[in-house]
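# Remarks on the overall topology
Read off the chains here:
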Amino acid sequence: MIEPLVPRPATEPVIRVTAMPRDANAYGDIFGGWLMSLMDNGAGFIASRHSRGRAVTIAMDGMQFLQPVKIGDEVSVYGEITKVGRTSMTIAVEAWGRHRHELDAVKVTEAVFTFVAVDENGRPRPVTQEK
């Protein structure tokens, strides 16, 4: 892999997994949709914890694949809330990849996810602030 251009986030990842053959195409490259799903899951954990309940994805933008992820690579997903509205949260998410036998990781993609806190009927509800 190429040396990282930016420092890895200082926080712990919200998700860390190993890319497996079922997650890849015939050439050993991981499907972009698989990676997007991990990032959405990670952002969902952050949104649910922050809003103290159910939160759903309403938008994702700015995704750009920077480096390939191969079978056997470790993928770590980091995220942080960048904005909180009355019912919504904007979460910046980065995915970092590391070859199985290497110490250095590189950012492989990033995106911005928007979530809305919803009640038991799926209707928007005010975001409960963290305490």
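A brief structural summary. (Residues numbered from 1 in each chain as written. Predicted model: local features only at pLDDT ≥ 70, side-chain atom pairs only at ≥ 80, totals over all residues. Heavy atoms only, no water.)

## Describing the pairing of strand E4 (residues 88–98)
For E4, a buried count of eight out of eleven residues is recorded, marking the element as mostly surrounded by other parts of the structure. Across ten bridges, strand E3 (residues 74–84) lies against E4 in antiparallel orientation. Note that in E4 the partner of tyrosine 78 across the bridge is glutamate 94. Summarising the sheet, E4 and strand E5 (residues 106–117) pair through ten bridges and their orientation is antiparallel. (Buried < 20%, exposed > 50% of the residue type's maximum accessible area, 1.4 Å probe, protein only. Helix = DSSP H or I, 4+ residues; strand = E, 2+ residues; numbered from the N terminus. Pairing = 2+ DSSP bridges.)

## Thoughts on the sheet that holds strand E1 (residues 15–18)
Ordered by their spatial adjacency, five strands build an open sheet running E1-E3-E4-E5-E2, and the pairing between neighbours is antiparallel. Edge positions in the sheet fall to E1 and strand E2 (55–65), since each has one partner strand and no second. Sheet twist, expressed as the mean angle between neighbouring strand axes with direction ignored, is 25°. Sheet strands touched by helix H1 (residues 32–51): E1, E2, E3, E4 and E5. Its angle to E5, the strand with the most contacts, is close to 45°. (Axes fitted to C-alpha atoms, helices over the stretch in contact; angles between N-to-C directions. Contact = heavy atoms within 4.5 Å.)

## Regarding the pattern of salt bridges
Counted according to the given criterion, the structure contains six salt bridges. Measuring nitrogen to oxygen at the nearest pair gives 3.6 Å for the salt bridge that ties arginine 16 to glutamate 74. Placement of arginine 16 in strand E1 and of glutamate 74 in strand E3 is noted, with a sequence separation of 58 residues between them. By relative accessible area, which is 42% here, arginine 16 ends up partly exposed. (Salt bridge = Lys/Arg side-chain N within 4 Å of Asp/Glu carboxyl O.)

## Some points on H1
Here H1 spans 28 Å end to end across 20 residues, near enough to the 28 Å set by a 1.5 Å rise per residue. All of the buried residues along H1 are Trp34, Leu35, Leu38, Met39, Gly42, Ala43, Gly44, Ile46, Ala47, His50 and Ser51. In the core, the buried residues of H1 are packed alongside E1, E2, E3, E4 and E5. (Expected span 1.5 Å × (residues − 1).)

## A word on unusual backbone geometry
What you tend to see is this: most non-glycine residues have negative phi, and most peptide bonds are trans. Here the phi dihedral of arginine 52 falls at roughly 55°; this positive angle occurs in a residue that is not glycine. With respect to the helices and strands, the residue arginine 52 is situated in the loop between H1 and E2.

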